[in-house]
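# Fold and contact review
Spelled out, the chains give:
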Amino acid sequence: MKEVVLGLLGLGNIGGGVWDLVREFGGEVEKRTGVKLRIKKALVLDVKIHGGKEVPDEVLTTDKNDILEDPEIQIVCEFLGGEQPAASMMLRALENGKSVVTANKMALSLHFDELRAMAGKTGAGLYYEASVGGAIPIINAIQSPLIANHIEQMMGIVNGTTNYILTRMTAEGAEYEDVLKDAQRLGLAEPDPTADVEGYDAAYKLSIAGSLAFHSRVKVENVYREGITKVSAEDIAFGREMGYVLKLLAIGKDNGDSIEARVHPVFLPADHPLARVDGSLNAVYLYGHSFKDMMLEGRGAGDAPTASAIVGDIIQAAQNAAHPMPYLREDPLPVADDWHSKYFIRMKAKDAPGVLAEVTGLLGGEGISISTMMQKGAAPDGKATLIFITHEASEKAVQRALKSMNPEICVVENVIRVEE
Ligand code: HSE
């Protein structure tokens, strides 16, 4: 039996989940792995407030140095969230030769290079399975069992809040703002939902998982990002009529000489494996040259599912004498600022002769070919709703064509990419 001594930075939702899992299931984990987990210290803001957990007084501390500078603590688990002071504390732990386990996608994504470099220098381990997809073992999968693959594509539903909102909008024909309010009331969306609904959370996750899948650093500032706030019940209903389901996806593609990295709403064919992943579930769909396609699905958030991934990482950190460092190429591939996709374009146009010809002429002028078109009869204001689905076209060409449209004749109300 090998005892590992742990220090927890934070004892909130996730830290509390880890505390519970270690207390309730640590004995079983020890039988299975030979590793006994001992939580020596937990950093809290106030020793009187620790989430109602029965934690012995001697475990609680308000001094980070009781963890970061204690030579007996071998593994530091970071649950503070946010960029700082989480990143600096992780860096210090690694500098002191302690392995770090974290679920903090923001601090990790923004300080990935620094943290990796420090881990490489001191030989400490850096583990972050829980940072992407919660309990789903995607980080391990791409680094180990799937390593003998050229991963060409990764498409993920990696944000449960937005998937919950879109699922309800789809099922109920409800508008975004109404479902958001309800989700906030139920505690399923944050009071300030920006990080989730504007796609920041998904972009951090794509930056981490994409860097590993494509072995090339994908910085979060290079990820194209668009959230779900502009999506209307009308878009979802029209898409449905045409056989599509709307999801917020994190998409990574290896095009050989560049990487695509983008987060935005996507219409998927209703029979796509990701289209049926509903509610707050997460899923990652991968295509690799030898395994072909695969989808991993599960809970992407919540204290117990996240703790499941964290304890898994702790055991790996305890068992690995040499901590493997994922290979990333030294000359990262550029992240593409243009890509090809199909497009759903919804516009309001004057219902008059020649309007359709003008609109399709502008699209055609940019080399954009139309695959399907639908007109919904004239509204009382004499305007009709036009929906186009294009064939594959360049993002930049679509943006140029839409910009050139005369607002007197047609107003573009939304554009949603379509992946098949
Ligand atoms: N806020 C995230 C979500 C969970 O809604 O999926 C933590 O990454």
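Up top is the structure.
What the protein chain contains, in helices and strands, is 14 helices and 17 strands. Rg of the C-alpha trace for the protein chain: 24 Å, near the compact-globule value of 22 Å for 420 residues, within the 12% margin. The C-alpha extent of the protein chain, read off along each of the three principal axes, is 80 × 45 × 35 Å. For the protein chain, long-range pairs separated by at least 24 residues make up 73% of all intrachain contacts whose partners lie at least 6 apart in sequence. Positive and negative side-chain charges of the protein chain, numbering 42 and 59 respectively, have mean locations separated by a distance of 1 Å.

Further remarks concern the site of the ligand. Around the ligand, a shell composed of Lys105, Asn159, Gly160, Thr161, Asp196, Asp201, Lys205 and Ala301 is seen. Contact distances for the ligand include 3.3 Å between an oxygen atom and a side-chain N or O atom of Asp201. Within the side chain of Lys205, an N or O atom sits 2.7 Å from an oxygen atom of the ligand. Mapped by element, the contributors of at least two residues to the shell around the ligand are helix 7 (160-172) and helix 10 (200-214).

Attention now moves to unusual backbone geometry. A cis amide bond links Gln84 with the next residue in sequence, Pro85, at an omega value of 10°. With respect to the helices and strands, the residue Pro85 is situated in the loop between strand 4 (75-78) and helix 3 (86-95). The phi dihedral of His215 falls on the positive side, at around 50°, and the residue is not glycine. Of note, His215 is situated in the loop between helix 10 and strand 8 (224-225). What makes His215 partly exposed here is its relative accessible area of 21%. The backbone of Lys292 shows a phi angle near 70°, a positive value even though the residue is not glycine. Secondary-structure assignment places Lys292 in strand 12 (residues 292-299).

Read across the open sheet, the six strands follow the order 3-2-1-4-5-6; overall the sheet is parallel. Strands at the two margins of the open sheet, each flanked by one partner only, are strand 3 (60-61) and strand 6 (126-127). Of the pairings in the sheet, the one linking strand 2 (residues 35-43) to strand 3 comprises two bridges and is parallel in character. Residue pairing across strands places Leu43 opposite Thr61, the latter belonging to strand 3. In this fold helix 12 (residues 303-319) packs onto strand 1 (2-9), strand 2, strand 4, strand 5 (99-102) and strand 6, with an angle of close to 115° to the strand it touches most, strand 2.

Rules used throughout
Residues numbered from 1 in each chain as written. Predicted model: local features only at pLDDT ≥ 70, side-chain atom pairs only at ≥ 80, totals over all residues. Heavy atoms only, no water. Helix = DSSP H or I, 4+ residues; strand = E, 2+ residues; numbered from the N terminus. Rg over C-alpha atoms; globule rule 2.2 N^0.38 Å. Contact = heavy atoms within 4.5 Å. Lys, Arg positive; Asp, Glu negative; His and termini not counted. Charge placed at Lys NZ, Arg CZ, Asp CG, Glu CD. Near = heavy atom within 4 Å. Polar contact = N/O pair within 3.5 Å; in protein donor to acceptor, adjacent residues only side chain to side chain. Buried < 20%, exposed > 50% of the residue type's maximum accessible area, 1.4 Å probe, protein only. Pairing = 2+ DSSP bridges. Axes fitted to C-alpha atoms, helices over the stretch in contact; angles between N-to-C directions.

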